[in-house]
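Tertiary structure, described
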Amino acid sequence: MPSFVHGRGRSRLAALAAAAALASLLASGCTGLRPAKAPIDTFVDKSTCTARADTLLIMLPGAYSHPDEFVRENFVSAVRERQLAVDIVRVDAHLGYYSKGAVIERLQQDVIAPARARGYKAIWIVGISIGGLGGLIYANAHPADVTGLVVLAPYLGDRVQSMDVANAGGLERWQGPLTDPVGDDRAGGERAQRETALWQWLKAYARRPLPVDHPPLYLGYGLDDRFAFSHRLLAAALPPERVFTTAGGHDWPEWTRLWRAVLPTLPLPGCNG
């Protein structure tokens, strides 16, 4: 397990959640991981309407997507069309970083700490699918680093864990697993424990007012997304104005529609005041 700059306990739980996500994805037949490297590759898109923005959007792709797809699918152009005084960093946080438990460390050391040093005052994370999970576990580990989160179709773990939350009556009522998650299957039990830690952190989003160590969270998902069951459980804990849905499943057309719906509602600075 890698070491972290601060928030060591939170970082360990978040890294375990990432490892759980990877295990579930690999079990579903996803293979061919690209190797993780340090520093992580990043691609910068400067604001076209201000010379010096103090707000940064960090975009995290899905498991097998490349950061260039945020350009191809008009995520970057949507920001520019709105004349927002924000810069964008697209991060090549592919599945290999989750495999190594390194995504939090690389984001902190290679992206967010340098951004703070350059003078950015507000940092938002925008994540898709496992990139949404990446944003959540980073905010869990380093809440002071994150101004806000946008997660589109986030991967939230195994459906068994979601069913446990649903059977309890939702996140607000859920108190944790009803049975010992380890049992006879040690690997499966450890994965369940990791995913439980993620849901326990998400549970605080049902509280009003929102705890200060939980940045504002905006959720978007397709109504026929294969992870929509979990998304609905999280949506029920969020203010309605921070939940966005669209027809369709788990792919770029849906995510692009959701991004264009979410973006105007975010408290991001414009170039004209």
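My aim in this report is to walk through the structure given alongside it, one point at a time. All figures in this text were calculated on a predicted structure; none of them were measured in a lab.

So, on to the packing of aromatic side chains. Two descriptors summarise a pair of aromatic rings, namely the distance from one centre to the other and the angle between the planes of the rings. Taken as a whole and assessed by the stated rule, the structure comprises eight aromatic pairs. Look at Phe-70 and Trp-252: their rings are 5.6 Å apart centre to centre, the planes differ by 90°, and that puts the pair in the edge-to-face class. Of this pair, Phe-70 sits in helix α2 (residues 69–72) while Trp-252 sits in helix α10 (residues 252–262), placing them 182 residues apart in sequence. On the basis of relative accessibility, which here comes to 0%, the residue Phe-70 falls in the buried class. By relative accessible area, Trp-252 is classed as buried at 6%. Aromatic rings pair up to connect Phe-70, Phe-75, Trp-252, Trp-255 and Trp-259 into one cluster. Over the ring of Phe-229 we find Arg-159; its NZ or CZ atom is 4.1 Å from the centre of that ring.

Every other side chain in a regular strand lies on the same face of the sheet, so the side chains alternate between the two faces. Most of strand β3 (residues 86–91) is tucked away, with six of its six residues classed as buried. Alternating residues of β3 divide into Val-86, Ile-88 and Arg-90 and Asp-87, Val-89 and Val-91, and every residue in both groups is buried. Two elements, strand β1 (residues 42–45) and β3, share four bridges in a ladder whose sense is antiparallel. Bridge pairing in β3 places Asp-45 opposite Ile-88. Direction of pairing for strand β2 (residues 55–60) relative to β3: parallel, over a ladder of five bridges. Within β3, the position partnered with Ile-58 by the bridge is Val-89.

Further remarks concern the nonpolar core. Here is a general trend for soluble globular proteins: nonpolar side chains tend to be buried in one another's company. Within the largest apolar cluster, 53 residues are counted, with the highest numbers of intra-cluster contacts made by Ile-58, Val-91, Leu-136, Leu-149 and Leu-202. A total of seven residues in this core trace back to one element, the largest contributor, which is helix α6 (residues 130–141). With residues near it in sequence (within four places) discarded, Leu-149 still touches Trp-124, Ile-125, Gly-135, Leu-136, Ala-139, Trp-201, Tyr-205, Pro-215, Pro-216, Leu-217 and Tyr-218.

On to the state of the cysteines. One pass over the full model with this rule turns up one disulfide. Here Cys-49 connects covalently by a disulfide to Cys-271, the sulfurs 1.7 Å from one another. Torsion about the S-S bond of the Cys-49 and Cys-271 cystine: about 60°, corresponding to right-handed handedness. Here the residue Cys-49 occupies a position in the loop between β1 and β2, and Cys-271 occupies one in the segment after α10, the gap between them amounting to 222 residues. Assessed through its relative accessible area of 24%, Cys-271 is described here as partly exposed.

With that out of the way, let us pick up the pattern of salt bridges. A complete count under the given rule lists nine salt bridges for this structure. With a shortest N-O distance of 3.3 Å, Glu-69 and Arg-72 are connected by a salt bridge. Of the two residues, Glu-69 and Arg-72 are both situated in helix α2; the distance of three residues between them amounts to about one turn of the helix. Among the ionic pairs, Asp-110 bridges to Arg-106, the shortest N-O distance being 2.5 Å. Taken together, the residues Asp-110 and Arg-106, both in helix α5 (residues 103–117) and four residues apart, mark about one turn of the helix.

A few words on the packing of helix α7 (residues 159–167) against helix α9 (residues 228–235). Contact geometry of α7 with α9 gives a least axis separation of 9 Å together with a crossing angle of 40°. By the angle class used here, α7 and α9 are oblique. In this structure, α7 meets α9 at a crossing whose hand is left-handed. Where α7 approaches α9, its residues Arg-159, Ser-162, Met-163, Val-165 and Ala-166 are matched on the opposing element by Phe-229, Ser-230 and Leu-233. Its residues assigned to classes, the contact of α7 with α9 shows five nonpolar, two polar and one charged.

Topologically, Leu-219 is positioned in strand β6 (residues 217–222). Separated by 22 residues in sequence, Leu-219 and Glu-241 have C-alpha atoms that sit 9.7 Å apart. If near-sequence neighbours (up to four positions away) are discounted, Leu-219 is found in contact with Val-151, Pro-154, His-231, Leu-234, Ala-235, Leu-238, Arg-242, Val-243 and Phe-244.

Okay, the sheet that holds β3 next. If you walk across this open sheet you meet the seven strands as β1-β3-β2-β4-β5-β6-β7, and the pairing is mixed. Of all the strands in the sheet, just β1 and β7 (243–246) have a single pairing partner and so form its edges. Across the sheet, the mean angle from the axis of one strand to that of its neighbour is 15°, orientation sign disregarded. Judged from the four bridges that link them, β6 and β7 form a sheet pairing that is parallel. Residue Leu-219 lies in a different strand from β7, and its bridge partner there is Val-243. Packed onto the sheet, α9 meets β6 and β7 and runs at close to 150° relative to β6.

Rules used throughout
- Residues numbered from 1 in each chain as written.
- Predicted model: local features only at pLDDT ≥ 70, side-chain atom pairs only at ≥ 80, totals over all residues.
- Heavy atoms only, no water.
- Phe/Tyr/Trp six-rings, centres within 6.5 Å; stacked < 30°, edge-to-face > 60°.
- Helix = DSSP H or I, 4+ residues; strand = E, 2+ residues; numbered from the N terminus.
- Buried < 20%, exposed > 50% of the residue type's maximum accessible area, 1.4 Å probe, protein only.
- Lys NZ or Arg CZ within 6 Å of the ring centre and 35° of its normal.
- Pairing = 2+ DSSP bridges.
- Core = buried A, V, L, I, M, F, W, Y, C linked by side-chain atoms within 4.5 Å.
- Contact = heavy atoms within 4.5 Å.
- Disulfide = S-S within 2.5 Å.
- Salt bridge = Lys/Arg side-chain N within 4 Å of Asp/Glu carboxyl O.
- Axes fitted to C-alpha atoms, helices over the stretch in contact; angles between N-to-C directions.
- Parallel < 35°, antiparallel > 145°, perpendicular 65-115°, else oblique.
- Left-handed = near helix turned anticlockwise from the far one by under 90°.
- Nonpolar A, V, L, I, M, F, W, Y, C, P; charged D, E, K, R; others polar.

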